[in-house]
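Listed below are the residues making up each chain.
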Amino acid sequence: MPIAAHTVDSTANTTHNPPLDDQLGFAPIPADITIMSDAKLTVPDATFAPETLSPADRRVRALNLGAVIVPFLALILAIVLSWGSAINWTQLIIYAVMVELTAIGVTIGFHRLFTHRAFATTSTIRYIFGALGSMAVQGTVYEWCATHRKHHQHSDDHHDPHSPHAHSDGVWGEGLIGFFKGFYHSHMGWLFAGRMKGSGKYIKDIAADPVCAAINRQFRFWVIAGLLLPAIAGGLIEQSWHGAWMGLLWGGFVRILTVHHVTWSVNSVCHLWGTSPFRTHDESRNNPVIGVLTLGEGWHNNHHAFPNSARHGLHWWQIDISYIVIRSLELVGLAWNIKLPDKERIAAKRRRNAHTPST
Ligand SMILES: [Zn+2]
Ligand SMILES: [Zn+2]
């Protein structure tokens, strides 16, 4: 999954402006994009051009570097300041709540709702998920969705933005050095590869959606709000500036670091280690550890096999907190049109030698 700022070519064809879909509140996905199915996208390629870095490329690279380094330095500072003192339960709870809320903004909002349109919900809830996803500092909703749609189109081929197996000039190579190069690139190195050119064509439907357009414009506001909220909470609960400062550190910066690396693990770990019970065009894997940590996103082979499914954990034992939240919204009438693969489709895609556990 993508992360941090890639300046997206904002030439998405908003003048096309097709009529809004009554059910989804979205403009229809352009006819030349088949993200709703498990077929690869057929749009022309958008490529990275790291060798010709423009001033804008360098600015994006510097922003991404800051988004990676600042939370890491904040972690060191947080550990130093907390060293030797008892666990501060207030700060721990603020940290955990912020991790879960912003992670859900990414997994349910940016990923399943906006990128894959796996279910429909009200405009207010879409706005809330968009705001929470923006607080994760993984780039704007346009940037995130464009990069991720390209990942599905080119999974593990030479145009995949973040494959541990291949890059634009070939493969990462054999042996330990090739492995570590591929792992680093897929985990975070791709953030420094330059802008993704021509990405506007991946998000024509998203750019035509007023809620997404607003969230995209307000990205910086929500990033700052995601830092101020835990600071205010810490200050009010502990009735001190120290509480506010520690809230900013743990619930703000360290929380960003946590959600970054957990999200990045889907791109790196889940294309290297795990099982692949379904036939896909890539090296995607189901990884139980990442599955739990990412609120269900680590059932990644399932996801590549059925990209528009709202449910990634397809068996009861494949814990998928994000789907539980979506299903809960459905039960109270706040989510509908939930897309799930039927049994026949699941059976047809399963590898012949794959074990078929009971659901
Ligand atoms: Zn993937
Ligand atoms: Zn996806």
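This one's a predicted model, so the numbers in the text were calculated from it and none came from an experiment.

Asks: Help me out: how do you make sense of the overall build of the protein chain in this one?
Replies: The secondary structure content of the protein chain amounts to 13 helices and four strands. Counting all 359 residues of the protein chain, 50% fall into the buried class. In the protein chain, the proportion of contacts linking residues at least 24 apart, taken out of those at least 6 apart, comes to 70%.

Asks: I keep staring at helix 9 (residues 241–268) and nothing clicks. Help me out?
Replies: One full turn of an α-helix is made of 3.6 residues, so residues set three or four places apart face in the same direction. With 28 residues, helix 9 should cover 40 Å at 1.5 Å per step; its first-to-last C-alpha distance of 39 Å lies within 8% of that length. Of all the bends in helix 9, the greatest measures close to 35° and is centred on Arg255.

Asks: I tried to follow the nonpolar core on my own but got confused; where do I start?
Replies: Looking at soluble globular proteins, one finds that nonpolar side chains tend to be buried together. Counting 59 residues, the largest nonpolar core has Val141, Cys145 and Ile206 as its most contacted members. For this core, the element with the most residues is helix 9, which contributes eleven residues. Setting aside anything within four residues of it in sequence, one finds Ile206 in contact with Phe114, Val141, Tyr142, Cys145 and Cys212.

Asks: Even after reading the chapter, I still don't get unusual backbone geometry, so can you show me in this structure?
Replies: Although it is not a glycine, Gln239 sits at a positive phi angle of roughly 55°. The topology assignment puts Gln239 in the loop between helix 8 (219–238) and helix 9.

Asks: When you look at the packing of helix 2 (residues 89–115) against helix 12 (residues 321–331) in this model, what are you seeing that I'm missing?
Replies: Here helix 2 crosses helix 12 at 70°, and the two axes come no closer than 10 Å. Considering their axes alone, helix 2 and helix 12 lie roughly perpendicular with respect to each other. Within the contact between the two elements, helix 2 uses Ile104, Thr107, Ile108 and Arg112 and helix 12 uses Ser322, Val325 and Ile326. Residue composition of the contact of helix 2 with helix 12, grouped by class: four nonpolar, two polar and one charged.

Asks: Would you explain helix 2 in this entry?
Replies: Compared with an ideal rise of 1.5 Å per residue, which puts 27 residues at 39 Å, helix 2 spans 36 Å between its outermost C-alpha atoms and is within 8% of the ideal. In the stretch just after helix 2, Arg117 is the one whose phi turns positive, near 50°.

Asks: Looking at this model, I keep getting lost on the environment of Ala233. Mind explaining?
Replies: Among the secondary structure elements, Ala233 is positioned in helix 8. On the basis of neighbour count, Ala233 is assigned to the buried category, with 20 C-beta atoms found within 10 Å. With 139 residues separating them along the chain, Ala233 and Ile94 place their C-alpha atoms 7.6 Å apart. Not counting residues within four places of it along the chain, the set of residues in contact with Ala233 comprises Ile94, Gly247 and Gly251.

Asks: Explain the environment of Leu113 to me, please; I cannot follow it from the model alone.
Replies: Its place among the elements puts Leu113 in helix 2. Judged by local crowding, Leu113 falls into the buried class, with 26 C-beta atoms found within 10 Å. Measuring from C-alpha to C-alpha, the distance between Leu113 and Asn308 comes to 9.2 Å, with 195 residues separating the pair along the chain. In this view, Leu113 contacts Ile108, Ala118, Phe119, Arg126 and Phe129; residues no more than four positions away in its chain are not counted.

Asks: Whenever I open this one, the packing of helix 2 against helix 9 confuses me. Can you help?
Replies: Angle between the axes and distance between the axes are the two parameters that describe a pair of packed helices. Packing of helix 2 against helix 9 leaves a shortest axis separation of 9 Å and a crossing angle of 40°. Of the possible angle classes, the one that applies to helix 2 and helix 9 is oblique. Classified by chirality, the crossing of helix 9 by helix 2 is right-handed. Mapping the contact onto sequence places Gln91, Ile94, Tyr95, Met98, Val99, Thr102, Ala103 and Val106 in helix 2 and Met246, Gly247, Trp250, Gly251, Val254, Arg255, Thr258, Val259 and Thr263 in helix 9.

Asks: Explanation requested: the environment of Tyr202 in the structure shown.
Replies: You can see Tyr202 is positioned in the loop between helix 5 (175–187) and helix 6 (204–207). In the structure, Tyr202 is positioned 60 residues away from Tyr142 in sequence and 9.0 Å away in space, judged by C-alpha atoms.

Asks: When you look at the confidence of the model for the protein chain in this model, what are you seeing that I'm missing?
Replies: Low-confidence regions, as indicated by low pLDDT, have predicted coordinates that should not be scrutinised in detail. For the protein chain, mean pLDDT is 84; residues scoring 70 or higher make up 83% of the total. Low pLDDT, under 50, characterises residues 1–50; the stretch is placed with 129 contacts to residues that sit more than four places away or in other chains.

The rules behind these values
- Residues numbered from 1 in each chain as written.
- Chains lettered and ligands numbered in written order.
- Predicted model: local features only at pLDDT ≥ 70, side-chain atom pairs only at ≥ 80, totals over all residues.
- Helix = DSSP H or I, 4+ residues; strand = E, 2+ residues; numbered from the N terminus.
- Buried ≥ 20, exposed ≤ 12 C-beta atoms within 10 Å, placed from the backbone.
- Contact = placed C-beta atoms within 7 Å.
- Expected span 1.5 Å × (residues − 1).
- Bend = angle between axes of the 7 residues up to and from the residue.
- Core = buried A, V, L, I, M, F, W, Y, C linked by C-beta atoms within 7 Å.
- Axes fitted to C-alpha atoms, helices over the stretch in contact; angles between N-to-C directions.
- Parallel < 35°, antiparallel > 145°, perpendicular 65-115°, else oblique.
- Nonpolar A, V, L, I, M, F, W, Y, C, P; charged D, E, K, R; others polar.
- Left-handed = near helix turned anticlockwise from the far one by under 90°.
- pLDDT = per-residue confidence, 0-100.

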